[in-house]
Amino acid sequence: MQRMMKFGIGGVSLFTFGVLFGWVLFPMLLKTMIHKQIALKEGGPTRALWSKFPFALEFRVYLFNVTNPEEIKNGAKPILNQVGPYFFEEWQEKVNLEDREEDDTVEYAIKNKWIFVPEMSEGLTGEEELMLPHVFILVMVMGTVRDKPAALPVVNKAVNSIFKNPSNVFVKVKAMDLMFNGLPIDCRVSDFPGSAVCAELKKQAELGNLQIEGPDQYRFSLLGAKNDTPAAKRVRVLRGIKKLNDVGVVVGFDGRSNISTWDDDFCDRFNGTDGTIFHPWLYENEDVVSFAPDLCRSLSTTFQQHTSVAGLKTNRYVAFLGDPQQSPEQRCYCPAPDKCLKAGVMDLHKCLGAPMVASHPHFYLGDKEYLSMVDGLNPSEENHGIFLDFEPFTGSPLSARKRLQFNIFITKVEKFKVMKNFPDALLPLFWVEEGVVMPDWLLKQVKMGHTMVKIVKYMKWMMVLGGLGLCAFAGYLYYQGQRKAGEIERVEANGTKPGSTEKIAPLNVSSLHSVRVPVMVD
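Note that this is a predicted model, so its numbers are computed, not measured.

Caption draft 1: How the structure looks around the state of the cysteines. Throughout the structure, instances matching the rule amount to four disulfides. With a sulfur-sulfur separation of 2.1 Å, Cys187 is cross-linked through a disulfide to Cys198. One disulfide, between Cys187 and Cys198, carries an S-S torsion of -90° and so falls in the left-handed class. Pair noted here: Cys187 is in the loop between β6 (183-186) and α7 (192-206) and Cys198 is in helix α7, with a separation of 11 residues, a long-range link. Pair check on accessibility: Cys187 and Cys198 agree, each one buried. The residue that forms a disulfide with Cys334 is Cys340, at a sulfur-sulfur distance of 1.9 Å.

Caption draft 2: The arrangement of the packing of aromatic side chains in detail. By the definition in use, this model includes 20 aromatic pairs. Relative to Phe422, the ring of Phe170 lies with its centre 6.1 Å away and its plane at 15°, an arrangement referred to as stacked. Note that Phe170 is positioned in strand β5 (residues 170-174) and Phe422 in the loop between β17 (396-410) and β18 (425-437), a separation of 252 residues in sequence. The class for Phe422 is buried, based on a relative accessible area of 3%. When the ring of Phe278 is compared with that of Phe390, the centres are 4.8 Å apart and the planes differ by 85°; the resulting orientation is edge-to-face. With Phe278 in the loop between β10 (250-253) and β11 (288-292) and Phe390 in strand β16 (residues 387-391), the pair connects residues that are 112 residues apart, well separated along the chain. According to the relative accessible area criterion, Phe390 is buried, its value standing at 1%. Joined through ring pairs, the aromatic side chains of Phe59, Phe88, Trp114, Phe116 and Phe180 make up one cluster.

Caption draft 3: Just the side chain of Thr273, in detail. Mapped onto the secondary structure, Thr273 falls in the loop between β10 and β11. Under the relative-accessibility criterion, Thr273 is labelled buried at 6%. Here Gly275 takes part through its backbone nitrogen, which lies 3.1 Å from a polar atom of the side chain of Thr273. When neighbours within four sequence positions are excluded, Thr273 is seen to be in contact with Val247, Gly248, Val249, Val250, Phe278, Val289, Ser290 and Phe291.

Caption draft 4: The arrangement of the nonpolar core in detail. Core analysis: the largest hydrophobic core is formed by 113 residues, its most contacted members being Leu63, Tyr86, Ile185 and Met419. If we ignore the near neighbours within four places in the chain, the residues touching Met419 are Leu138, Val141, Met142, Val169, Thr411, Lys412 and Val413. Counting 18 residues, the second largest nonpolar core, distinct from the first, contains Phe53, Tyr317, Met438 and Leu443.

Caption draft 5: Spatial organisation of a nonpolar patch on the surface. Together, Phe15, Val19, Leu20, Trp23, Val24, Leu25, Met28, Trp461, Leu465 and Leu468 give the surface a local cluster of nonpolar side chains, amounting to about 910 Å² of exposed area. Examining the composition of the nonpolar patch, we find that seven residues originate from one element, helix α1 (residues 2-38), more than from any other. With respect to the helices and strands, the residue Leu465 is situated in helix α11 (residues 440-494). For Leu465, a relative accessible area of 54% gives the class exposed.

Caption draft 6: Structural view of the sheet that holds strand β8 (residues 217-220). The three strands lie next to each other as β6-β8-β7, forming an open sheet whose pairing is antiparallel. This sheet does not close on itself; its edge strands, each paired only once, are β6 and β7 (211-214). On average, each strand axis in the sheet is tilted by 35° relative to the strand beside it, whichever way the strands run. As judged from the three bridges shared by β7 and β8, these two strands associate in the antiparallel manner. Within β8, the position partnered with Gly214 by the bridge is Gln217.

Caption draft 7: Spatial organisation of the pattern of salt bridges. Under the criterion given, the structure shown has 23 salt bridges. Measuring nitrogen to oxygen at the nearest pair gives 2.9 Å for the salt bridge that ties Asp103 to Arg236. Note that Asp103 is positioned in the loop between β2 (80-100) and β3 (105-116) and Arg236 in strand β9 (residues 235-238), a separation of 133 residues in sequence. In this structure Arg236 comes out as buried when scored by relative accessible area, which is 17%.

Caption draft 8: Fine view of α1. The end-to-end C-alpha separation of α1 is 51 Å, in line with the 54 Å expected for 37 residues at 1.5 Å each. If you look at α1, its biggest bend is around 45°, right at Phe21. Of all the positions in α1, only Met4, Gly8, Gly11, Gly18, Phe21, Gly22, Phe26, Leu30, Ile34 and Ile38 are classed as buried.

Caption draft 9: Seen up close, unusual backbone geometry. In this model, Gly84 is joined to Pro85 through a cis peptide bond whose omega is 10°. Residue placement: Pro85 occurs in strand β2. Its identity as a non-glycine residue notwithstanding, Asn96 has a phi of 55°, on the positive side. Phi at Asp104 is positive, roughly 55°, even though this residue is not glycine.

Caption draft 10: A look at the environment of Cys351. Position of Cys351 among the secondary structure elements: in helix α8 (residues 349-352). Relative accessible area serves as the criterion here: at 11%, Cys351 is assigned to the buried category. Along the sequence, Cys351 and Ala336 sit 15 residues apart, while their C-alpha atoms lie 14 Å from each other. In this view, Cys351 contacts Thr261, Trp262, Pro293, Asp294, Leu295 and Cys296; residues no more than four positions away in its chain are not counted.

Caption draft 11: Spatial organisation of the packing of helix α5 (residues 152-162) against α7. With their axes 8 Å apart at the nearest point, α5 and α7 run at an angle of 85° to one another. As summarised for this structure, α5 and α7 are arranged roughly perpendicular, according to the angle between their axes. Where α5 abuts α7, its residues Val154, Lys157, Ala158, Ser161 and Ile162 lie against Pro193, Gly194, Val197 and Cys198. Across the contact of α5 with α7, the residue classes break down as six nonpolar, two polar and one charged.

Calculation notes
Each chain carries its own residue numbering, running from 1 in the written order of its sequence. Predicted model: local features are reported for residues with pLDDT of at least 70 only, side-chain atom pairs are reported and counted for 80 or more only, and whole-chain, interface and lining totals are derived from all residues. The basis for the side-chain values is all heavy atoms of the structure; hydrogens and waters are excluded. Count a disulfide wherever a pair of cysteine sulfur atoms falls within 2.5 Å. A run of DSSP states H or I qualifies as a helix once it reaches four residues; a run of E qualifies as a strand once it reaches two. Both are numbered from the N-terminal end. Note on exposure labels: buried denotes an accessible area under 20% of the residue type's maximum, exposed denotes more than 50%, and partly exposed covers the range between, all computed with a 1.4 Å probe on protein chains only. Ring geometry is summarised as follows: Phe, Tyr and Trp rings, the Trp one being its six-membered ring, pair when their centres sit within 6.5 Å, and such pairs are stacked at plane angles under 30 degrees, edge-to-face over 60 and tilted between the two. Polar contacts, as counted here, are pairs of nitrogen or oxygen atoms within 3.5 Å of one another; within protein the pair requires one atom able to donate a hydrogen and one able to accept it, and residues that are adjacent in sequence qualify only if both atoms are side-chain atoms. A contact between two residues is defined here by any heavy atoms of the two lying within 4.5 Å. Grouping buried Ala, Val, Leu, Ile, Met, Phe, Trp, Tyr and Cys residues that are joined through side-chain atoms within 4.5 Å yields what is termed a nonpolar core. A patch consists of residues whose relative accessible area exceeds 30% and which take part in no salt bridge; residues with like charges are grouped when within 9 Å of each other, and nonpolar side chains (Val, Leu, Ile, Met, Phe, Trp, Tyr) when within 5 Å. Each accessible area value is a Shrake-Rupley result obtained with a 1.4 Å probe; residue values ignore everything except the protein chains displayed when judging cover. Each salt bridge in this description consists of a side-chain nitrogen of Lys or Arg and a carboxyl oxygen of Asp or Glu lying within 4 Å of one another. Any two strands with at least two DSSP bridges between them are considered paired. Angles run from 0 to 180 degrees between N-to-C directions of axes, and those axes are lines fitted to C-alpha atoms, restricted for helices to the stretch in contact. Residue count minus one, scaled by 1.5 Å, sets the expected span of a helix. Note that bend, as reported per residue, equals the angle between axes fitted to the 7 residues terminating at that residue and the 7 residues originating from it. Angles below 35 degrees are treated as roughly parallel, those above 145 as roughly antiparallel, those between 65 and 115 as roughly perpendicular, and all remaining angles as oblique. Three classes are used, and their members are as follows: Ala, Val, Leu, Ile, Met, Phe, Trp, Tyr, Cys and Pro are nonpolar, Asp, Glu, Lys and Arg are charged, and the others, Gly among them, are polar.

So, to be careful, I would describe these as geometric facts and stop short of saying anything about function.
Structure, rendered in structure tokens:
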């Protein structure tokens, strides 16, 4: 009975502790540990990684070389030849951080630094001379056509003055000049049209949108003015100290509590994080949403399939820019209520103040009409889709590709001589790919977390099953004890040997005494 009690008490204790530890205590402890790890608290481990990435992102730029510029002047369809990738390391840092304890937020300015890596650029050096659209001239002309068509004669004269009577909007330039070094803008002019335009350009230069080369001399490039320079518009996000699932959620941009661009409550609402941090336990039934400042909107990605990265199980999410003609809630992104673009593209005029259009590269997922306007594109999901591979337990993007193409509508502009016979087309200018591949040392940390959870999982089941085994053994001992007790009772009641019908002769006290007493000799 003592052995049975010991095994029984031990089994119940082990089973109870296994249940409490495995299903109650450890999940609570794990949640507390993850909360401390991931919350963006000053001095915390994740805060340091989040504010300054310890590894470079992969940044690729693809340019579209125009092979028939003279024919386009006469109305021909543009024929394009993609050149790239130009590979850059992108070092991302959040600077000038300001914490606000009262609402659990932190505000910052983003700073990106791009470093060209020739050996990863498939033989490209950036010195290649390409026939490319002069983006600045196109933006000036098409923006005027859209907003102030009556001012076209003035813009025509300003272009001739500043750019010395260009014969075409397509110019032969070095790839690196368009991307970073800049194309010259000479504002040392005295005529009224040129001076009026240059006055506006001076404001843009002061805002950091143009590179300043000298007095009244500027350079325009796609990324040069932004390189290693903090963005003027600051972002404010929740730190997740009070509520972990709110970590990284955007609540302010450029000093405003909403996007303030689209004149619509839905489209102007912040949704999702800043795209660099996500809450843990991010499973496939939840969309991954992040705010994209370059698009002035939140972009949602939805679960597509299960994948794996470096032996870790991941969930793949994909993105689509949408179709405002089919989705009424997206019509606030239209240029006008009755002028919506078709599927897969987005008008950025209200966002950037320039007549640019965003799309997936090569018009992937876009309406076929846009693809038919130019030759030389070949869209595919593998090369042009947006995807994120998330590890759901930690909410870490182990692999990701954000891909966006920037385009501009061109059309016949009779009051601008070099475009008076242009065709109607949505002309691709360039596209970029920002990629994340988690380094091995961070992957090891994620795997270590999984290993710890697996060990605890095995331990809790071992304790539960061990406890049940001890209880079963205690029951066996109890059964054996009861069986022996029953046999003894039968012996006492029937005088029969266990398992036999032979009677045991009763002891005769007098006979025993007579045998033991010695014979008396007289």
